[in-house]
Amino acid sequence: MRSGSPRATEGTRLDLLLLRLPAAGGPGAHGPGALSRAADLDVLDDAERRRAASFRRPADGLLYAAAHAALRRLLGHRLGIAPRQVRFVREPCPGCGGPHGRPAPAHPGEPPLHFSLSHSGGLALIAIASTAVGVDVQRLPGAGTVEVCSAALHPGERAELAQEPPQTRPALFGGIWARKEAYLKGLGTGLGRSPAADYLGADSRRRPPGWSFVDVPCGPGHRAAAALPGEPPASVAVRPLPFGG
């Protein structure tokens, strides 16, 4: 099992895949019975199926199921095993060494295979790379959410938001928070590390040294980002995934 934060090397490839929940009323739309009809639901393990069924909003459960099924298909293809056979472990926490760091496939691979998954507001983002990686996607928040949550940001980020016109603050906040969560996932700490500890604002020169960040285009209603250690990847591929495909 891998530990620490391996550095990106020359030739690192970052694959980013976007999965969008169909609009209500469209083909494959969420609604009564949609979860039971989700393609490849049988590739999920028992814990994933229970989690998918536990969401209060059916659309959230459907997106969770579809995203995790897609992740299993992608990893299974890379590892040469059936999606249902993919098993996961937790890498050691970089802070305390406990078994609650980055999730990783419980299968040997050469080169090592790393992934990250995020979903929010009808959109899921999956990253696969040969080095540690974190991704996050955020539906743009309302003005009230921005005002309340800004207190948790780095002082430099708060200053940027204060200078932004009110109507564009949600987009700026969404980009900051997406980069922040992607970075914390890449570190393996998650929000166990204070969101105020690191600057992830618009000035790339002030961001954490030794890390590269990619702002992922995903439409006007969301912001998304990827973070990985070392120099920028040699190639970044962003492609849509067909829902249930």
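Our structure's up above, just so we're on the same page.
Residues numbered from 1 in each chain as written. Predicted model: local features only at pLDDT ≥ 70, side-chain atom pairs only at ≥ 80, totals over all residues. Heavy atoms only, no water.

A. Just helix α6 (residues 169-187), in detail. Between its first and last C-alpha atoms α6 spans 27 Å; for 19 residues at 1.5 Å apiece the expected length is 27 Å, and the two agree. With 16 of 19 residues buried, α6 is to be regarded as a mostly interior element. Once α6 ends, the next one or two residues include Gly 188, with phi positive near 95°. (Helix = DSSP H or I, 4+ residues; strand = E, 2+ residues; numbered from the N terminus. Expected span 1.5 Å × (residues − 1). Buried < 20%, exposed > 50% of the residue type's maximum accessible area, 1.4 Å probe, protein only.)

B. Summary view of the sheet that holds strand β1 (residues 13-20). With respect to topology, 4 strands assemble into an open sheet ordered β4-β5-β1-β9, the strand pairing being mixed. Among the strands making up the open sheet, the edge pair consists of β4 (114-120) and β9 (235-241). On average, each strand axis in the sheet is inclined to that of its neighbour by 15°, with strand direction left out of account. In terms of strand pairing, β4 meets strand β5 (residues 123-129) through 7 bridges, oriented antiparallel. Counted as the bridge partner of His 119 is Ala 124 from β5. (Pairing = 2+ DSSP bridges. Axes fitted to C-alpha atoms, helices over the stretch in contact; angles between N-to-C directions.)

C. Representation of the packing of helix α5 (residues 155-163) against α6. Relative orientation of the contacting elements α5 and α6 amounts to 160°, with a least axis distance of 9 Å. By the criterion of interaxial angle, the relationship of α5 to α6 is roughly antiparallel. Crossing of α5 against α6: the hand is right-handed. Along its contact with α5, which presents Glu 157, Glu 160, Leu 161 and Ala 162, the element α6 presents Arg 169, Leu 172, Phe 173, Ile 176 and Lys 180. (Parallel < 35°, antiparallel > 145°, perpendicular 65-115°, else oblique. Left-handed = near helix turned anticlockwise from the far one by under 90°. Contact = heavy atoms within 4.5 Å.)

D. Molecular detail of the state of the cysteines. Here the structure, examined in full by the defined rule, presents 0 disulfides. Take Cys 96: it sits in no disulfide, and the sulfur closest to it among the cysteines is that of Cys 93, at 3.9 Å. (Disulfide = S-S within 2.5 Å.)

E. Local environment of the pairing of strand β7 (residues 211-216). Among the 6 residues of β7, 5 are classified as buried, and the element is accordingly described as predominantly covered. Hairpin remark: β7 followed by strand β8 (residues 222-229), antiparallel, with 5 residues in the connecting loop; positive phi at Gly 219, about 105°.

F. Region of interest: the nonpolar core. Membership of the largest hydrophobic core comes to 20 residues, with the highest contact counts inside it found for Leu 19, Leu 71, Leu 74, Leu 75, Ile 126, Ile 128 and Leu 241. Looking at this core, the elements that each hand over two or more residues are β1, α3 (58-79), β4 and β5. Tallying contributions element by element places α3 first for this core, with 9 residues. For Leu 71, the residues in contact, after removing those within four places along its chain, are Phe 88, Phe 115, Leu 117 and Ile 126. Counting residues in hydrophobic clusters, the runner-up holds 16 residues, among them Val 133, Val 137, Val 216 and Cys 218. (Core = buried A, V, L, I, M, F, W, Y, C linked by side-chain atoms within 4.5 Å.)

G. Quick look at the packing of aromatic side chains. Overall, the coordinates contain 5 aromatic pairs when judged by the stated rule. Judged by centre distance (6.0 Å) and plane angle (55°), the ring pair of Tyr 183 and Phe 213 falls under tilted. Here the residue Tyr 183 occupies a position in helix α6, and Phe 213 occupies one in strand β7, the gap between them amounting to 30 residues. Judged by its relative accessible area of 17%, Phe 213 falls in the buried class. One aromatic cluster is present, built from ring pairs that chain together Tyr 183, Trp 211 and Phe 213. A cation over a ring is seen here: Arg 206 above Tyr 199, with NZ or CZ 4.1 Å from the ring centre. (Phe/Tyr/Trp six-rings, centres within 6.5 Å; stacked < 30°, edge-to-face > 60°. Lys NZ or Arg CZ within 6 Å of the ring centre and 35° of its normal.)

H. Structural view of the pairing of strand β6 (residues 134-139). Within β6, 5 of the 6 residues are buried, which leaves the element mostly enclosed by the surrounding structure. With 6 bridges connecting them, β6 and β8 associate as antiparallel partners. Among the inter-strand pairings, Asp 136 is bridged to a residue of β8, identified as Ala 225.

I. The arrangement of the sheet that holds β8 in detail. Reading across the sheet, the 3 strands line up as β6-β8-β7 and stay open at both edges, with antiparallel pairing between neighbours. For this open sheet the edge positions go to β6 and β7, each flanked by a neighbour on one side alone. Direction aside, the axes of adjacent strands within the sheet are offset by 15° on average. Direction of pairing for β7 relative to β8: antiparallel, over a ladder of 6 bridges. Directly across from Phe 213, in β8, lies its bridge partner Ala 227. Against the sheet, α6 engages β6, β7 and β8, with an angle of about 150° to β6.

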